[in-house]
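Examination of the molecular architecture
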Amino acid sequence: MGIKIAICETECKNALCTPYKTKIVKVMVNDVEGFENISEVEEFVTLDDAKKIFTDWEAFIKRNRISKETDAIYMVKIKNDDDKIKLTPKMQKKYTGWINVESLSDTEKERVLVASKPENRITEWDRMEFDEVNDICANCQLSWCKGCIGTFGSDNSKLPEIADKKGCPLIASIPKSSEEQKRFSSEEARELKREVNILNAALLEEGKIFVRRYGRALERLDAVADICIRENCGFFFF
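What comes next concerns the included structure. Since we're looking at a predicted model, the values are computed, not measured. (Residues numbered from 1 in each chain as written. Predicted model: local features only at pLDDT ≥ 70, side-chain atom pairs only at ≥ 80, totals over all residues. Heavy atoms only, no water.)

What follows concerns helix H10 (residues 186-206). In this model H10 runs 30 Å from its N-terminal to its C-terminal C-alpha over 21 residues, within 8% of the 30 Å that 1.5 Å per residue would give. What H10 keeps buried is the set Ser186, Ala189, Leu192, Glu195, Val196, Leu199, Ala202 and Leu203. Buried residues of H10, seen end-on, are gathered within an arc of 135° and therefore sit on one face of the element. Residues of H10 that are exposed and point more than 90 degrees away from the buried face comprise Glu187, Leu204 and Glu205. Looking at the packing, one finds that the buried side of H10 touches helix H7 (159-165), helix H8 (169-172), strand E9 (183-184), helix H11 (208-231) and strand E10 (235-237). Two residues or fewer after H10 comes Gly207, characterised by a positive phi angle close to 125°. (Helix = DSSP H or I, 4+ residues; strand = E, 2+ residues; numbered from the N terminus. Expected span 1.5 Å × (residues − 1). Buried < 20%, exposed > 50% of the residue type's maximum accessible area, 1.4 Å probe, protein only. Arc of directions from axis to C-beta. Contact = heavy atoms within 4.5 Å.)

Looking now at the nonpolar core. Nonpolar side chains in soluble globular proteins tend to end up buried together. Ile7, Leu159, Ile171, Leu192, Leu199, Leu221 and Phe235 are the most contacted members of the largest nonpolar core, which totals 41 residues. Among the elements of the structure, strand E1 (2-7), helix H6 (130-138), H7, H8, H10, H11 and E10 are those that each provide at least two residues to this core. Among all residues touching Ile171, those that are not within four sequence positions of it are Leu159, Pro160, Ala163, Leu192, Glu195, Val196, Leu199 and Leu221. (Core = buried A, V, L, I, M, F, W, Y, C linked by side-chain atoms within 4.5 Å.)

The next thing to look at is the sheet that holds strand E3 (residues 41-45). The strands making up a sheet associate through backbone hydrogen bonding, with each pair oriented either parallel or antiparallel. The strand order across the open sheet formed by 3 strands is E4-E3-E5, and the pairing between neighbours is antiparallel. Both outer strands of the open sheet, strand E4 (73-74) and strand E5 (92-95), are each paired with one neighbouring strand and no more. One ladder, built from 2 bridges, connects E3 with E4; its direction is antiparallel. Its bridge partner being in E4, Phe44 is matched across the sheet by Tyr74. (Pairing = 2+ DSSP bridges.)

We now examine the sheet that holds E10. One open sheet accounts for 4 strands, arranged E8-E1-E10-E9; its pairing is antiparallel. Lying at the two open borders of the sheet, with one neighbouring strand each, are strand E8 (149-154) and E9. The pairing of E1 with E10 spans 3 bridges and is antiparallel. The partner of Ile5 across the bridge, within E10, is Phe237. Against the sheet, H11 makes contact with E1, E8 and E10, and its axis sits at roughly 20° relative to E1, the strand it touches most. (Axes fitted to C-alpha atoms, helices over the stretch in contact; angles between N-to-C directions.)

Looking at chain direction, E3 and E5 are connected through 4 bridges and run antiparallel. Each residue of the ladder has a partner; that of Phe44, found in E5, is Gln92.

In structure tokens:
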């Protein structure tokens, strides 16, 4: 497994992605009760009911391109209009708990957000196309590694061990910090840069093989330190 480095880009006023990453467009509430009128609904027919309607089951799933492993027949997946008509009398509905918040009032939106977990929220950034994301990152002044995330190295890298010997506690702590998802501040970025300078000299003492093996990792750490100092933002390892 590898360890990655990332800056806390949404703390930066110059990050081009911030408006998209901070705009929540859809959330899933923990309990749909009280949100029935604004929750998304799935329309479906049970497999038992669908199989009673379509005796030639193989032909039905083939023309509608439905997986044989499906747990129900979801109306949105039905491509054949005649099949939709036949299924409609047996159609059932269930709430998904997902709510589009873009059209809600500020009061309703706040109520929905309170009823959801952070990991169950979709931002404008989440639904952007891959090419759109790449274009934004490519034109962002915070893009230190073709984006705001880069590679530190493998989780068994000897660089933290060397850092520990040379009195560089921040870099020495990287494996543990990645496990804990610790956030470092912009002030700590100054310490990171100081340690990088120490280790650049230390690698020369260790030998050329260590320079080749860990020199690029130090370059990336230095780039992160520079960005975080300039933009007054934090960074983390994961």
